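These are the residues of each chain, in order.
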Amino acid sequence: MGTIEALAPSQISKTFKNSFLPHDSPHPGETPAEYAARLTVRFLVDAPLEHRRELAQFFTPIEVARFMATLARPTRSVRHLLDPGAGMGILACALCEMLPVGSGPIHLDAYEVDPTLSSFCETTLGYAKQWLKERGISFTFQVKQTDYVLGNAVRLRPGLFDGAAPLGYDIAIANPPYFKLSKLDPRAVASRFAAAAQ
């Protein structure tokens, strides 16, 4: 099981990283989720299985992503979205497709530790931004190349003065990584604060 230090871009082989450049362009009439699904297939063909196992990467099929997005039931009042384990961005793209006309402005924070996937996520969300603009919806996003739990650990602390203000999101959509953490893993330690504070 890798640590966050093991996720440095320099540790992903150049052959692996370069096999994805440049990104394929969206096809005419392709939705953002369809584009993300197509790039996911490309990634799965080229990404070493060992790399995917180390990061516990499981990619949500488009049908599941769209089903999850319908469960979120976004309304026009939605402003802030979160995808804490974004991968290719298919969940966020499916959610964007569900936004009703007249929504916005919308901002998405997407977290992805894998440098290659982070780049893909930037591409798919960039297309979602263009797709939404054509439908009259203002959309901004930020892909943060960090672990969501570790990146927000200071917000989980129980002390009155030692934690940052919590971030406010209207909708969070996620398909988290599938692996066990040891009790000493930094993510498990940070999560204990959240569980103890409830």
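Scroll up for the structure.
Computed from a predicted model, the values in this text were never measured in an experiment.

(A) A look at the pattern of salt bridges. The tally for this structure, following the rule as stated, stands at 7 salt bridges. Salt-bridge contacts for Arg38 lead to Asp24; the nearest nitrogen and oxygen are separated by 3.7 Å. Separated by 14 residues along the polypeptide, Arg38 in helix α2 (residues 32–46) and Asp24 in the loop between α1 (14–18) and α2 bring together distant segments of the chain. On the basis of relative accessibility, which here comes to 32%, the residue Asp24 falls in the partly exposed class. A salt bridge links Arg38 to Glu30; its shortest N-O distance comes to 2.9 Å. For Arg38, a relative accessible area of 22% translates into the label partly exposed. Where salt bridges share partners, they join Asp24, Glu30, Arg38 and Arg42 into one cluster.

(B) Spatial organisation of the packing of aromatic side chains. The final tally for this structure, using the stated rule, is 5 aromatic pairs. Here a set of aromatic residues connected by ring pairs shows up, and it is made of Phe43, Phe59 and Phe120. Above the plane of the ring of Trp131 lies Arg135, whose end atom (NZ or CZ) is 3.8 Å from the centre.

(C) Examining the nonpolar core more closely. Of all hydrophobic cores here, the largest spans 40 residues; its most connected members are Leu108, Leu125 and Phe139. Elements with a contribution of two residues or more to this core: α2, α4 (62–72), α5 (90–98), β2 (106–111), α6 (115–133) and β3 (139–144). The greatest single-element share of this core, amounting to 8 residues, is contributed by α6. In contact with Phe139, other than residues within four places in its own chain, are Cys96, Ile106, Leu108, Leu125, Ala128, Lys129 and Leu132.

(D) Quick peek at the packing of α5 against α6. Close contact between α5 and α6 brings their axes to 10 Å; oriented N to C, the two are set at 5 degrees. Overall, the two elements α5 and α6 adopt an arrangement that is roughly parallel. Along its contact with α5, which presents Ala92, Cys93, Cys96 and Glu97, the element α6 presents Thr124, Leu125, Ala128, Trp131 and Leu132.

Cut-off values and rules
- Residues numbered from 1 in each chain as written.
- Predicted model: local features only at pLDDT ≥ 70, side-chain atom pairs only at ≥ 80, totals over all residues.
- Heavy atoms only, no water.
- Salt bridge = Lys/Arg side-chain N within 4 Å of Asp/Glu carboxyl O.
- Helix = DSSP H or I, 4+ residues; strand = E, 2+ residues; numbered from the N terminus.
- Buried < 20%, exposed > 50% of the residue type's maximum accessible area, 1.4 Å probe, protein only.
- Phe/Tyr/Trp six-rings, centres within 6.5 Å; stacked < 30°, edge-to-face > 60°.
- Lys NZ or Arg CZ within 6 Å of the ring centre and 35° of its normal.
- Core = buried A, V, L, I, M, F, W, Y, C linked by side-chain atoms within 4.5 Å.
- Contact = heavy atoms within 4.5 Å.
- Axes fitted to C-alpha atoms, helices over the stretch in contact; angles between N-to-C directions.
- Parallel < 35°, antiparallel > 145°, perpendicular 65-115°, else oblique.

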